[in-house]
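Each chain, letter by letter, is given below.
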Amino acid sequence: DTGVSQNPRHKITKRGQNVTFRCDPISEHNRLYWYRQTLGQGPEFLTYFQNEAQLEKSRLLSDRFSAERPKGSFSTLEIQRTEQGDSAMYLCASSKGTGFLAKNIQYFGAGTRLSVL
Amino acid sequence: TQLLEQSPQFLSIQEGENLTVYCNSSSVFSSLQWYRQEPGEGPVLLVTVVTGGEVKKLKRLTFQFGDARKDSSLHITAAQPGDTGLYLCAGGHQFYFGTGTSLTVIP
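Here's what I pulled together on the structure shown here. Bear in mind that the values here come from a model prediction, so they are computed numbers and not experimental data.

With respect to the overall build of chain A
Across its full length, chain A holds 0 helices and 11 strands. Tracing chain A from N to C terminus, the helices and strands come up as β-β-β-β-β-β-β-β-β-β-β. Here chain A has a C-alpha radius of gyration of 14 Å; the compact-globule value for 117 residues is 13 Å, and the two agree. When the backbone C-alpha atoms are referred to their principal axes, chain A occupies close to 40 × 25 × 25 Å. Out of the 117 residues belonging to chain A, those deemed buried represent 49%.

So this is what it looks like as structure tokens:
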């Protein structure tokens, strides 16, 4: 069990550029979650996958944001035409199980910190 | 949106003191989770409470779920510098996190 891995750890980009983050969940975890967190605040839910299916998306996820999990393993989160307001920590978590979501323990990665200049 | 409010937002105490952090909502949750997050890391789950009125203990940490399952508290006895971090509650499907309590324990 190597834990949830996120790459890169830090990303600095200029406004208007596209960025892509990768998340490798714990192997055999079929659920994967993306969150956004600003300094000193709790994580805000963005989207959730069960295997390759994207089952839920937050209204926070504007049309500039897209997430994929093509083979039900790793996931990518892409932000197009970045804005300064996108600067935040982007966290990925994974869990296993197919039952009641609240009983699933989420394991978080260390996050990708995005800075948009 | 199920809003979870935590209080206090910031807490700075001396080593050895006791403290309580609160998590409140107007919504009923089937369960609540407490996490601790250290700088530069993701949140780590401490405990899940499921039954109204439930009390769980984890060494010096005591967690309580309100009878109506709308609120929860975390009590730390004899705080240590290693307890420093951001404490987060999360509800229901764990999609909704609280606003967080940043705890600093001064040696």
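So, next bit.
Focus: the sheet that holds strand β3 (residues 19-24) of chain A
Residues and elements named next belong to chain A. Strand order in this open sheet of 4 strands is β1-β3-β8-β7, and the pairing throughout is antiparallel. Whereas interior strands pair on both sides, the edge strands pair on one side only; in this sheet they are β1 (5-7) and β7 (65-68). Between one strand axis and the next, the sheet turns through 15° on average, direction left out of account. In this sheet, strand β8 (residues 75-79) lies alongside β7 in antiparallel orientation, the contact comprising 4 bridges. Along β8, the bridge assignment pairs A67 with L77.

Quick look at the pairing of strand β5 (residues 44-49) of chain B
Consecutive residues of a regular strand have side chains that alternate between opposite faces of the sheet. Residues and elements named next belong to chain B. Where strand β4 (residues 32-37) meets β5, 5 bridges bridge the pair, whose relative direction is antiparallel. The partner of Y35 across the bridge, within β5, is L45. Here β4 folds back onto β5 in antiparallel fashion, the turn holding 6 residues, of which G40 has a positive phi close to 80°.

Details of the pattern of salt bridges
Following the criterion strictly, the structure yields 6 salt bridges over all chains and no others. In this structure, the salt-bridge partner of A:E83 is A:R64, at a minimum N-O distance of 3.4 Å. With A:E83 in the loop between β8 and β9 (88-95) and A:R64 in the loop between β6 (53-57) and β7, the pair connects residues that are 19 residues apart, well separated along the chain. Salt-bridge contacts for B:D83 lead to B:R60; the nearest nitrogen and oxygen are separated by 2.9 Å. Residue B:D83 is located in the loop between β8 (71-76) and β9 (85-91), and its partner B:R60 is located in the loop between β6 (55-58) and β7 (61-65); the two are separated by 23 residues in the primary sequence. For B:D83, a relative accessible area of 4% puts it in the buried group. Classification of B:R60 by relative accessible area gives partly exposed; the value is 25%. Linked through salt bridges whose partners overlap, the residues forming this network are A:R64, A:E83 and A:D86.

Thoughts on the state of the cysteines
Residues and elements named next belong to chain B. Summed over all chains, the structure comprises 2 disulfides over all chains. Put simply, C23 and C89 are joined by a disulfide, and their sulfur atoms are 2.1 Å apart. Where C23 bonds to C89 through sulfur, the torsion about that S-S bond is close to 75°, and the disulfide is right-handed. On the criterion of sequence distance, the pair formed by C23 in strand β3 (residues 19-24) and C89 in strand β9 is long-range, its members being 66 residues apart.

Quick notes on the pairing of β6(A)
Residues and elements named next belong to chain A. Inspection of the sheet shows strand β5 (residues 44-50) paired to β6 by 4 bridges, in the antiparallel sense. Looking across to β6, one finds that Q50 is bridged to A53. Between β5 and β6, which follow one another and run antiparallel, lie 2 residues, and N51 among them has a positive phi close to 55°.

Cut-offs and rules
Residues numbered from 1 in each chain as written. Chains lettered and ligands numbered in written order. Predicted model: local features only at pLDDT ≥ 70, side-chain atom pairs only at ≥ 80, totals over all residues. Heavy atoms only, no water. Helix = DSSP H or I, 4+ residues; strand = E, 2+ residues; numbered from the N terminus. Rg over C-alpha atoms; globule rule 2.2 N^0.38 Å. Buried < 20%, exposed > 50% of the residue type's maximum accessible area, 1.4 Å probe, protein only. Pairing = 2+ DSSP bridges. Axes fitted to C-alpha atoms, helices over the stretch in contact; angles between N-to-C directions. Salt bridge = Lys/Arg side-chain N within 4 Å of Asp/Glu carboxyl O. Disulfide = S-S within 2.5 Å.

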